[in-house]
Amino acid sequence: MSEWTQLIRDVPDFPRPGIVFKDIMPVLGKASAFAAAIEDMARPWRELPIDAVLAIEARGFLLGAPLARALEVGLVPLRKPGKLPGILLEQRYALEYGTDALVAQAGALAPGKRVLLVDDVLATGGTLLAARALAQRLGAQIAGASVLMELTSLNGRARWTDAAPLHAALVA
Ligand code: AMP
């Protein structure tokens, strides 16, 4: 197993009791681990036609930006509400308690662009599904999704139901 996977730290009861938070910051803090993790995320997509990375705020930005550079494509951020100017598209989604939303600028992508969705952790899959719906509303074709880590116990993958691949660099 790659060295970087050993650096992900389990933080029990954060941000709420009962949640085991996967802290990826030690991976980013070590140059060789960061490079290896990004390479593991990039490898499955190198031979596929991708036009842009769509990175999910906030930790998805930290992985999506170097991944976009590795794949030599541009990056479009999918942001939390209140951060972007201009004409916006908003996609709301359910959380365990309440709702959240992802927002993109209308016209951020030319229609038909093939996009790769990027986030740090796949848990229940709600965030990734909202990102996919927003990308479709932007007129994108979904090339796939790439996460650093998939938590299989929460079975988010079962909700993906898309012909496009969902790749996790680490499955735990
Ligand atoms: P979900 O929508 O349930 O798949 O949750 C995925 C989003 O929540 C990602 O953007 C993650 O950053 C964050 N997340 C959910 N569960 C965890 C966890 N156990 N550790 C770290 N981040 C998590």
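Residues numbered from 1 in each chain as written. Predicted model: local features only at pLDDT ≥ 70, side-chain atom pairs only at ≥ 80, totals over all residues. Heavy atoms only, no water.

**Some details on the overall build of the protein chain**
The test is simple: Numbering of helices and strands runs from the N terminus, with a helix taken as a DSSP run of H or I at least four residues long and a strand as a DSSP run of E at least two residues long. Note that the radius of gyration is over C-alpha atoms, with the globule rule given as 2.2 Å times the number of residues to the power 0.38. Remark: exposure states derive from per-residue accessible area (1.4 Å probe, protein chains only) relative to the maximum for the residue type, with buried under 20%, exposed over 50%, and partly exposed in between. Here a residue-residue contact requires only that any non-hydrogen atoms of the pair lie within 4.5 Å. The accessible surface values rely on the Shrake-Rupley method and a 1.4 Å probe; as for residues, cover is taken only from the protein chains in view. Charge counting treats Lys and Arg as positive and Asp and Glu as negative, with His and both chain ends excluded. By convention, the point assigned to a charge is CZ for Arg, NZ for Lys, CD for Glu and CG for Asp.
For the protein chain, the count of helices and strands is five helices and nine strands. Taking 172 residues into account, the globule formula puts the C-alpha radius of gyration at 16 Å, and the protein chain, at 15 Å, falls close to it. Dimensions along the principal axes, computed over C-alpha positions, put the protein chain at roughly 40 × 40 × 30 Å. For the protein chain, buried positions account for 44% of its 172 residues. Restricting the contact set of the protein chain to residue pairs at least 6 apart, pairs at least 24 apart contribute 58%. Carbon and sulfur atoms form 55% of the exposed surface of the protein chain, whose accessible area is close to 8500 Å². Between the centroid of the 18 positive side chains of the protein chain and the centroid of its 17 negative side chains there is a distance of 4 Å.

**Here we look at the side chain of Asp-23**
The cut-off we apply is this: Identification of polar contacts relies on pairs of N or O atoms within 3.5 Å, with a donor-acceptor requirement for protein atoms, meaning one able to donate a hydrogen and the other able to accept it, and with residues adjacent in sequence counted only if both atoms are side-chain atoms.
Tracing the backbone shows Asp-23 in strand β2 (residues 20-23). Among the polar contacts made by the side chain of Asp-23, one reaches the side chain of Arg-9 at a distance of 2.6 Å. Looking at Asp-23, its side chain comes within polar contact range of the main-chain nitrogen of Met-25, at 3.1 Å. Setting aside its immediate chain neighbours within four residues, Asp-23 contacts Leu-7, Ile-8, Arg-9 and Val-11.

**Concerning the sheet that holds strand β8 (residues 141-150)**
Operational definition: Any two strands between which DSSP finds at least two bridges are classified as paired. What counts as an axis is a line fitted to C-alpha atoms, over the stretch in contact for a helix, and the angles between N-to-C directions run from 0 to 180 degrees.
The strand order across the open sheet built from five strands is β4-β3-β7-β8-β9, with neighbouring strands paired in parallel fashion. If you trace the sheet from one side to the other, it starts and ends with β4 (74-78) and β9 (166-171), each paired once. Direction aside, neighbouring strands of the sheet carry axes that sit 20° apart on average. Alignment of strand β3 (residues 52-56) against β4, held across five bridges, turns out to be parallel. Note on β4: the bridge partner recorded for Ala-55 is Pro-77. On top of the sheet, helix α3 (residues 59-71) reaches β3, β4, β7 (114-122) and β8; it is set at about 140° to β7, its chief contact. Taken strand by strand, helix α4 (residues 126-137) contacts β3, β4, β7, β8 and β9, and its axis lies near 165° from that of β7.

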